[in-house]
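Here is what each chain is made of, one letter per residue.
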Amino acid sequence: MSMGKLALQNFKSSFKNYLALILSLGFTVLIFLNFQYLVYSDALTILGQQNAEYSEILVQVVSVVLVCFIFFFLWYSTNVFLTKRKKEIGIYIFMGLTNQKIGRLYMMESMMTGGTALALGIGAGILTTRLFQMILMALSGIAADIQFHFVLQPILITAAVYLAIYFLFVLKGYVSIVRSSVLDMVSANRKNEYVQQKNWILMGKAIAGTGILASGYYMATKDGGQEVMGNVMIAVILVIIGIYLLFDGLLPVLFQKLAKNKRFLYQKERTLWINNVIFRMKKNYRTYAMVCILMLCSVTALATGFAMNERYENIQHFRNTYTYQLLGSQPDLDRQITPLIEKENPIEYSTRAEILMLDSGQDASESYQKIYGLLSYSQIRELAGLANLKCDIEEPADDEVISVSHLYLLSLMTNRNHVNVTLDGKEYHQTAEINEPYLGYLQEDMEYYLVNDRVFQMLLPKGQVLYTYNYRITDPLNYKASLDELDALTNGNPDVYTGRIAIDPENKGDEWIKVAYSVCVFMFLVFVMASGSILFMKLYNDAFEEKERYGVLQKLGYQRNKLRKAISRELAFAYVLPFAIMTLSSYFSIHALEKMMNTSLLILNMVSVAIILLFFLLCYLLSVSMYQKNAGLKKSS
Amino acid sequence: MSETKVAEIKNLVKDYGTRGFQTRVLKGIDLKINRNDFTAIMGPSGSGKTTLLNILSSIDKPTQGSVILDGKDITRISNRELSNLRRDKIGFIFQDYNLLDTMTLQDNIALPLSLNGVSSKICLEKTLELAETFGLTQHLKKYPYQLSGGQKQRGATCRALITDPEIIFADEPTGALDSKSSRDLLECLRLVNDQQKATILMVTHDAFCASYAKDVYILSDGKIQCRLSRGLTRKEFYDRIIDMQSSMGGDFS
């Protein structure tokens, strides 16, 4: 029989065993292909030039994340596959096959598995692209008629990326087989993975892991200015390393200690499942660490999406505080403007504000002179009352200012207080920052500061005064009606009127954020599913190895109930441990995000963790049932 | 006391195959095992030894006849009761040891007791005691893959003994062992039979192995052909078994 035929035969006979692997590999291909399709098909062009560009950048970023994910996923799954195959095809060594030939056999089989997964993934991917795009658009709240187009490029890119990574790991497996000894190969499955390290090294790892994790949490939630971005990056790396070390050190030390404490071990079914966890220690801790990190990513991705979407809606709301805003140099222009607007639309509310434009003065620390807009405390209180805006701030002291800022889509600075501002050469202490849209859209263009009335009066002669007349009409959608007349007014008196703003409530300027939001939701689902399926796949393979052992136990007269209980415990542990550490870590990552976005995400955190919990519960129940079947504790019929 | 009945088989018949194409493997076997017996069942390949042991140990069901173990007819009781019976009353020693390679030898030996909910203190004490008897104290912390065949089989024997079963079934216990390890194991079995009054039923094709028993039944063609009882020495008993084997012919290997 030729090698090719032998490989094909092996592949066919073990197809069922590798179904879980093939399906999950296929699933990753499907996801990646769908994202690539998004870029190369014209689905995003309906968002308009600017938005499509942003969205494409976003999808490309997600693609990079996905490539990283595929890399680790393939690394993991080919490793599991290799250990399993090593033992099975190791038998051929007794038939006179060289390591090289066995390696080739492995490569052929793996390529068949990988090829099948790729074909399945691409096939299913092409079939689901339209559905995917429809869901994405629906989730983004964008009305679009999506057609199916067959595009070759995304398929080629997906296949190339996948095959390149897959081949790399298959090659790694080949090298590993060629280098391994006969004994290694034949007993690959029997040897246990008891971690033979000194307890203090393991403890050291566990403590270092906890320490690094804690400092990761600290870095993530630390207040800061511009350096926050760097802190977050450091935090991400620290958390990943910390989680890995924690599992690497704590899991072996804890379980090996437990196994040594026979008084504890010989109770209930502990001796079975605790020993089982130790038996596959290396595989276990790597899987748990990976799943934990993946889930953490998923929760954070979801929270980012939500926070950005919420922020986007707030910004829209912020901008729509007023429908029209006119700037002028005289204090009584409303007598001209109000009747013009009222001719077309009833006015819901209107305000007027006096802005003192002032430069920072002679200050050596600034490289250029900034212009600030100053507002007086009493007029803002009055304005807030008219426009139904919140105003619970206390009047600043003579040397204090309050920054009147606007919402940023993604602001990284978490510490905005206690900054000094120089106005007309004198330093003022900034005590707070508020984001109420007192000046509506105008507030987005310049830095405004609130000072008390005395300071305002004192500084009045130093700068230039500008008046803004703000109107909100009852039907903002009808804003176009007064535009011509307002333009005629402003254009006719250029020395009195300096500007006009009209807000289109249906402005599609930042629609890409909605896409970003749904992509985040999608990433959340993908990562959660991936982590669930990684655990499931691991347990699926473990179960096959357990078949013999559970057979022995049954022969010895142990009721299936009892054995099932041990299985439930072992599996529950596999799901609960990574979940628990993820839940703890997610609190910190979400908290960091909360600080940056200046919003509360606790409920979202709880909801996303609850979704994962539900999904894991489902996976757990499925795993238990599958495990029992694969371990021969259930009649397969 | 030694006449107390532990197991009794009456007119045991076992057929294999589908209706119309049946082969009768056991053709009416009667056997009685009393407390503190050390019985060996010998026979050539295909004589039905393993089938008999499987039925006795409740892994297989007979076509006809009854098997009474611990006062109950095991052909008529529920699966649940069977499991309990196997767990509490029977100890097994397999040809291929069947130790769990996920755990240390100590945990393997303690397994039956710990799963039965016996307090961990007693589990520990009994494990250490048995390990001492079988010369395994030094190897308790090792995993099965680190042990020799003989050590593994002695470990498996400890596991079978730890629950103080009514009867121990041993299926070719020396089948995978070299002669030195075989001797060690058989000596151990004899020791527990003599000192701890354990009842042992062993199936083997090896005359040397059988000669350690007190009684040997020779099974051939689905029937018990004869019974030999031990005389003065093991050597003399061994010679008689060999004589009987050669007079009967057949492939005993």
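As a reminder, the structure under discussion sits directly above these lines.
Heads up: these notes are all about the structure in this document. (Residues numbered from 1 in each chain as written. Chains lettered and ligands numbered in written order. Predicted model: local features only at pLDDT ≥ 70, side-chain atom pairs only at ≥ 80, totals over all residues. Heavy atoms only, no water.)

### Section: the overall build of chain B
Part 1 of the reasoning: Along chain B, the regular secondary structure elements total eight helices and ten strands.
Part 2 of the reasoning: Relative to a compact globule of 253 residues, whose C-alpha radius of gyration would be 18 Å, chain B shows 18 Å and is just as compact.
Part 3 of the reasoning: Projecting the C-alpha coordinates of chain B onto the three principal axes gives extents of approximately 50 × 45 × 40 Å.
Part 4 of the reasoning: Pairs at least 24 residues apart make up 68% of the contacts formed inside chain B by residues separated by at least 6 positions.
Part 5 of the reasoning: Summing over all exposed atoms, chain B offers an accessible surface of approximately 10700 Å²; the carbon and sulfur share of this is 47%.
Part 6 of the reasoning: Between the mean site of the 34 positive side-chain charges and the mean site of the 31 negative ones, chain B shows a separation of 3 Å. (Helix = DSSP H or I, 4+ residues; strand = E, 2+ residues; numbered from the N terminus. Rg over C-alpha atoms; globule rule 2.2 N^0.38 Å. Contact = heavy atoms within 4.5 Å. Areas by Shrake-Rupley, 256 points an atom, 1.4 Å probe, with all protein chains shown as cover. Lys, Arg positive; Asp, Glu negative; His and termini not counted. Charge placed at Lys NZ, Arg CZ, Asp CG, Glu CD.)

### Let's talk about the pattern of salt bridges
Part 1 of the reasoning: Applying the stated criterion across every chain, the model contains 28 salt bridges over all chains.
Part 2 of the reasoning: As a salt-bridge pair, A:K262 and B:D107 come within 2.8 Å of each other at their nearest N and O atoms. With A:K262 in helix α9 (residues 262-265) and B:D107 in helix α3 (residues 105-115), the pair connects residues from two separate chains. When sorted by exposure, A:K262 lands in the same class as B:D107, which is buried.
Part 3 of the reasoning: In this structure, the salt-bridge partner of A:R549 is A:E546, at a minimum N-O distance of 2.9 Å. On the criterion of helical spacing, the pair formed by A:R549 and A:E546 is a turn pair, its members being three residues apart in helix α16 (residues 512-555). With respect to burial, A:R549 and A:E546 carry one shared label: buried.
Part 4 of the reasoning: Three or more residues are tied together by salt bridges with common partners; here these are A:R280, A:K538, A:D542, A:E546, A:R549 and B:D101. (Salt bridge = Lys/Arg side-chain N within 4 Å of Asp/Glu carboxyl O. Buried < 20%, exposed > 50% of the residue type's maximum accessible area, 1.4 Å probe, protein only.)

### Considering the environment of B:S182
All names here are of chain B.
Part 1 of the reasoning: Examined against the element boundaries, S182 turns out to sit in helix α6 (residues 179-195).
Part 2 of the reasoning: Accessibility expressed as a relative area gives 8% for S182, which makes it buried.
Part 3 of the reasoning: With 21 residues separating them in the primary sequence, S182 and L161 have C-alpha atoms 18 Å apart.
Part 4 of the reasoning: Beyond its immediate sequence surroundings of up to four residues, S182 is in contact with T174 and L177.

### Concerning unusual backbone geometry
All names here are of chain B.
Part 1 of the reasoning: Here the phi dihedral of D70 falls at roughly 55°; this positive angle occurs in a residue that is not glycine.
Part 2 of the reasoning: You can see D70 is positioned in the loop between β4 (64-69) and β5 (72-73).
Part 3 of the reasoning: Looking at D70, the relative accessible area reads 30%, which means it is partly exposed.
Part 4 of the reasoning: A positive phi angle is found at Y97, which is not glycine, with a value near 60°.
Part 5 of the reasoning: For Y97, a relative accessible area of 13% puts it in the buried group.

### As for the sheet that holds strand β1 (residues 324-328) of chain A
Residue and element names in this part refer to chain A.
Part 1 of the reasoning: As summarised here, the arrangement of the nine strands in space is β5-β6-β4-β7-β3-β2-β8-β1-β9, forming an open sheet in which the pairing is mixed. Among the strands making up the open sheet, the edge pair consists of β5 (419-423) and β9 (497-502). On average, adjacent strands in this sheet sit at an angle of 35° to one another, irrespective of strand direction.
Part 2 of the reasoning: For β1 and strand β8 (residues 464-473), the ladder comprises five bridges, and the chain directions are antiparallel. If you follow L326 over to β8, its bridge partner there is Y469.
Part 3 of the reasoning: Lying over the sheet, helix α13 (residues 377-386) contacts β2 (347-359), β3 (371-376) and β7 (447-451), oriented at roughly 160° with respect to β2.
Part 4 of the reasoning: On top of the sheet, helix α15 (residues 483-492) reaches β1 and β9; it is set at about 165° to β9, its chief contact. (Pairing = 2+ DSSP bridges. Axes fitted to C-alpha atoms, helices over the stretch in contact; angles between N-to-C directions.)

### Describing the side chain of A:Q443
All names here are of chain A.
Part 1 of the reasoning: Along the chain, Q443 falls in the loop between β6 (426-434) and β7.
Part 2 of the reasoning: Look at Q443 and you get buried, because its relative accessible area is 0%.
Part 3 of the reasoning: For Q443, the side chain forms a polar contact with the main-chain oxygen of E436, separated by 2.7 Å.
Part 4 of the reasoning: Here the side chain of Q443 touches Y438 through a polar contact of 3.0 Å, landing on its backbone nitrogen.
Part 5 of the reasoning: Not counting the four nearest positions on each side in its chain, Q443 is found in contact with F318, V404, S405, H406, E436, P437, Y438 and Y448. (Polar contact = N/O pair within 3.5 Å; in protein donor to acceptor, adjacent residues only side chain to side chain.)

### Focus: the packing of aromatic side chains
Residues and elements named next belong to chain A.
Part 1 of the reasoning: By the definition in use, this model includes 30 aromatic pairs over all chains.
Part 2 of the reasoning: Their ring planes at 80° and their centres at 5.3 Å tell us that Y372 and Y449 sit as a pair that is edge-to-face. Here Y372, found in strand β3, pairs with Y449, found in strand β7; they are 77 residues apart in sequence, far enough to count as distant.
Part 3 of the reasoning: A relative accessible area of 4% places Y372 in the buried class.
Part 4 of the reasoning: Among the aromatic residues, ring-to-ring pairing joins F247, F255, W273, Y288 and F573 into one connected group.
Part 5 of the reasoning: Residue placement shows R270 over the ring face of F264; its charged tip is 4.1 Å from the ring centre. (Phe/Tyr/Trp six-rings, centres within 6.5 Å; stacked < 30°, edge-to-face > 60°. Lys NZ or Arg CZ within 6 Å of the ring centre and 35° of its normal.)

### What about the state of the cysteines?
All names here are of chain B.
Part 1 of the reasoning: Summed over the entire model, instances satisfying the criterion amount to zero disulfides over all chains.
Part 2 of the reasoning: With no disulfide partner, C209 has as its closest neighbouring cysteine sulfur the one in C188, 13 Å distant.
Part 3 of the reasoning: When its relative accessible area of 0% is taken as the criterion, C209 is described as buried. (Disulfide = S-S within 2.5 Å.)

### Focus: the side chain of A:T78
All names here are of chain A.
Part 1 of the reasoning: Note on placement: T78 falls in helix α3 (residues 49-90).
Part 2 of the reasoning: For T78, a relative accessible area of 8% translates into the label buried.
Part 3 of the reasoning: Excluding anything up to four places from it in sequence, T78 contacts Y106, Y166 and F169.

### Quick notes on the packing of helix α12 (residues 334-344) of chain A against α15(A)
All names here are of chain A.
Part 1 of the reasoning: Contact geometry of α12 with α15 gives a least axis separation of 9 Å together with a crossing angle of 160°. Here α15 runs roughly antiparallel to α12, going by the angle between their axes. Taken as a pair, α12 and α15 cross one another with a handedness that is right-handed. Along its contact with α12, which presents Q336, I337, L340, I341, K343 and E344, the element α15 presents E485, L486 and L489.
Part 2 of the reasoning: Grouping the constituent residues of the contact of α12 with α15 by class yields five nonpolar, one polar and three charged. (Parallel < 35°, antiparallel > 145°, perpendicular 65-115°, else oblique. Left-handed = near helix turned anticlockwise from the far one by under 90°. Nonpolar A, V, L, I, M, F, W, Y, C, P; charged D, E, K, R; others polar.)

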